[in-house]
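Residue strings, one per chain:
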Amino acid sequence: MKNYDLNGKPYNRFLFVIVLLLGSFTMSMSQSSISTAYPTLMSSFGIDASTVQWLTTGFMLIMCVMMPVSPWLLNNVKFKQLFLLILAIFDIGTLIVVVAPNFPVMMLGRAMEAIAVGILFPSYQSVLLYITPEEKRGTTMGFAGLIMGSALACGPILSAIVLHFSAWRGLFIVFAVIISVLFVISLFAIKNVMPQKESHLDFPSVILSVGLIGILYVVNMIGKTNIDLTEAIIILIVSILMVAMFAIRQFKMDQPLLQLRVLKDFNYDLSVGLTGSSYIALIVVTIIFPLYYQDVLGVSKTVSGLALAPGAIVLSLLNPLTGKLADKIGFKSTMLTGMFMILAGWLVLSITGATLGLVPMMVIAAIIEGGNAFVMMPAVTMGANSLPKDLISDGTAVISTFRQVLGSTGVLVATLILSNVMNNNIAKGMSHAIAQMGGFHVVFITFFVIELFGLAMALMLKNTKK
């Protein structure tokens, strides 16, 4: 069966999808790969841990603001031009990072990368859902989940390998080369497949959406010393008001920046919550587990990165299968299986505390990441199937935005709990090692409790096979 673009010309759908997914895979890896290089960057630029963390935290915050803009871009910019622009922005940002003489310049490059990723993540999912028949969406989004989840888990692994053989700049050279090659291929492989619905860009909505950054910024300040409490409270109040005004404005406009009316469907709302809860579990594992391996078990950065490989492999193998499974047995059964796997992993960690060795931790990481394969992309697919076709891009953008906000919050909460509990334990006279183990144990318990809410949402799903 031939596939045709908007001009009625046939195109190679397989090559189109492969290029789209490879671009998403590479950019997703850039999100999590940098954490392994933190110690090297701190030494190179003479910065502390709280400053270098902004290479990840700032990246996530900028992504959050760009995601609501993606539906407008899909509706007003031809997809081929949009995809090429995304690749170009990411490539330029990466090259800026490679030549950065200081931390502010590097942060500028990371901001450009984040802009590109924030536009691409909802867009590529919307395109895949749009060009795929509803009965095949589960399978297609299973492969999309493979790309997103596996890339996030593979980021620290790639970083560990590259840093073993080269300086930190080598990691970004790898990204720049891959994206440059994809840019050339995209000139021929990517076609205009999304219909256009021209509308004006509502700049007040874009400005109000920055409130998301303010909220996460204040969350990031919790537990740090020398905080201006008055300033933090003012930023938090203003940010919450901005987000509230953003939401109200979207419901009142005929052509909103982000169509929040999609939230009126209960099954869609549950899909938003489920993709968020599974993403929290995945991203916390990829960020916190390497710290556990290095700080508690005392392994090297290379080993801590490579220890994530089994989980990434399990996630990669299961994602395409769970998509087919959701098409056959229904989304509720599939996602309940995943939530039980995620909960089982966090439960074992909560019971045993920070006492497990490297191999048991790798097994638990694989169980949690495997559970993610049963939940995250099936939830996205279920959400899309709950909506009319012309609202798919809006629905995907809402899910992606919420998922990123929840994921960013999850990382911040995990980091804050870890540092605060450890510092309190040290203040009580505990040794550094015992204090650190106590911090990790509280993190494990916290995320077990959080994932209980995910299980509750899965139980409330309306049982459907589409």
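Residues numbered from 1 in each chain as written. Predicted model: local features only at pLDDT ≥ 70, side-chain atom pairs only at ≥ 80, totals over all residues. Heavy atoms only, no water.

On to empty space enclosed by the protein, then. Within this structure, the stated rule accounts for 1 cavity of 30 Å³ or more. If you add up the space inside the largest cavity, you get close to 40 Å³. Residue lining of the largest cavity: Q53, T57, M60, S408, V411 and L412, and that is the complete set. Listing elements by their share of the lining of the largest cavity, those giving two or more residues are α4 (54–66) and α18 (392–427). (1 Å grid on protein atoms, 1.4 Å probe; cavity = no way out; pocket = protein on both sides within 12 Å on 5 of 7 lines; lining within 4 Å. Points joined across faces, edges and corners; volume = space filled by probe spheres on them. Helix = DSSP H or I, 4+ residues; strand = E, 2+ residues; numbered from the N terminus.)

Looking now at the domain arrangement of the chain. By domain assignment, the chain separates into domain 1 (1–195), domain 2 (202–256) and domain 3 (260–465). Averaged C-alpha coordinates put domain 1 and domain 3 at centres separated by 21 Å. Between domain 1 and domain 3, the residue contacts involve 42 residues of the former and 40 residues of the latter. When domain 1 packs against domain 3, the two sides together hide about 3,600 Å² of surface, and 70% of this comes from carbon and sulfur. Linking domain 1 to domain 3 there are 0 salt bridges. At the junction of domain 1 with domain 3, the criterion picks out 0 residue pairs in polar contact (both at pLDDT 80 or more). For the side of domain 1 that touches domain 3, the secondary structure elements donating two or more residues are α4, α5 (70–76), α7 (103–131) and α8 (137–165). Sorting elements by how many residues they give to the side of domain 1 that touches domain 3 places α8 first, with 20 residues. Of the residues contributing to the side of domain 1 that touches domain 3, the split by class is 24 nonpolar, 14 polar and 4 charged. (Domains from an automatic or database assignment. Contact = heavy atoms within 4.5 Å. Buried area = accessible area lost by both parts, 1.4 Å probe. Salt bridge = Lys/Arg side-chain N within 4 Å of Asp/Glu carboxyl O. Polar contact = N/O pair within 3.5 Å; in protein donor to acceptor, adjacent residues only side chain to side chain. Nonpolar A, V, L, I, M, F, W, Y, C, P; charged D, E, K, R; others polar.)

Note that S209 resides in helix α10 (residues 203–209). Look at S209 and you get buried, because its relative accessible area is 3%. (Buried < 20%, exposed > 50% of the residue type's maximum accessible area, 1.4 Å probe, protein only.)

A word on the side chain of S271. You can see S271 is positioned in helix α13 (residues 266–295). The class for S271 is buried, based on a relative accessible area of 0%. A distance of 2.5 Å separates a polar atom in the side chain of S271 from the backbone oxygen of Y268. Excluding its chain neighbours within four sequence positions, the residues that come into contact with S271 are A379, M382, G383 and I399.

Take the environment of L459 next. Mapped onto the elements, L459 comes out in helix α19 (residues 432–460). Taking the C-alpha atoms as reference points, L459 and M335, separated by 124 residues in sequence, lie 9.1 Å from one another. Sequence-distant contacts of L459, defined by excluding residues within four places in its chain, comprise K332 and L336.

Turning next to helix α12 (residues 229–252). With 24 residues, α12 should cover 34 Å at 1.5 Å per step; its first-to-last C-alpha distance of 35 Å lies within 8% of that length. Inspection of α12 places A232, S239, M242, F246 and Q250 among the buried residues, and these make up the whole buried set. (Expected span 1.5 Å × (residues − 1).)

What follows is about the pattern of salt bridges. All told, the structure shown has 2 salt bridges when counted by the stated rule. Residue E113 is joined to R110 by a salt bridge in which the shortest nitrogen-to-oxygen separation is 3.1 Å. Taken as a pair, E113 and R110 lie in helix α7 at a separation of 3 residues, close to a single helical turn. Accessibility classification places E113 together with R110 in one group, the buried group.

On to the packing of aromatic side chains, then. As enumerated under the stated definition, the model contains 15 aromatic pairs in all. Relative to F103, the ring of F45 has its centre 6.5 Å away and its plane inclined at 70 degrees; by these criteria the two rings are edge-to-face. Of this pair, F45 sits in helix α2 (residues 38–45) while F103 is found in helix α7, placing the two residues 58 residues apart along the sequence. According to the relative accessible area criterion, F45 is buried, its value standing at 17%. Under the relative-accessibility criterion, F103 is labelled buried at 13%. Following the ring pairs from residue to residue traces out a cluster consisting of F289, Y292, Y293, W346, F440, F444 and F447. R403 extends its terminal NZ or CZ atom over the ring of Y279, reaching a point 5.9 Å from the ring centre. (Phe/Tyr/Trp six-rings, centres within 6.5 Å; stacked < 30°, edge-to-face > 60°. Lys NZ or Arg CZ within 6 Å of the ring centre and 35° of its normal.)

Moving on: the environment of N424. Tracing the backbone through its elements, the reader meets N424 in helix α18. Counting along the chain gives 13 residues from N424 to V411, while the straight-line C-alpha distance between them is 20 Å.

As for its placement among the helices and strands, I364 is situated in helix α17 (residues 358–385). The class for I364 is buried, based on a relative accessible area of 6%. Sequence separation between I364 and S35 is 329 residues; the distance between their C-alpha atoms is 21 Å. Once you skip the residues sitting within four places of it in the chain, I364 turns out to touch G345, V348, L349 and L356.

This next bit is on the packing of α13 against α17. Packed helices, taken two at a time, are described by the angle between their axes plus the distance between the axes. In contact at an axis separation of 8 Å, α13 and α17 are set at 155 degrees when each is read in the N-to-C sense. With respect to each other, α13 and α17 are oriented roughly antiparallel. α17 is crossed by α13, and the crossing has left-handed handedness. The residue inventory of the contact of α13 with α17, partitioned by class, reads 19 nonpolar, 6 polar and 1 charged. (Axes fitted to C-alpha atoms, helices over the stretch in contact; angles between N-to-C directions. Parallel < 35°, antiparallel > 145°, perpendicular 65-115°, else oblique. Left-handed = near helix turned anticlockwise from the far one by under 90°.)

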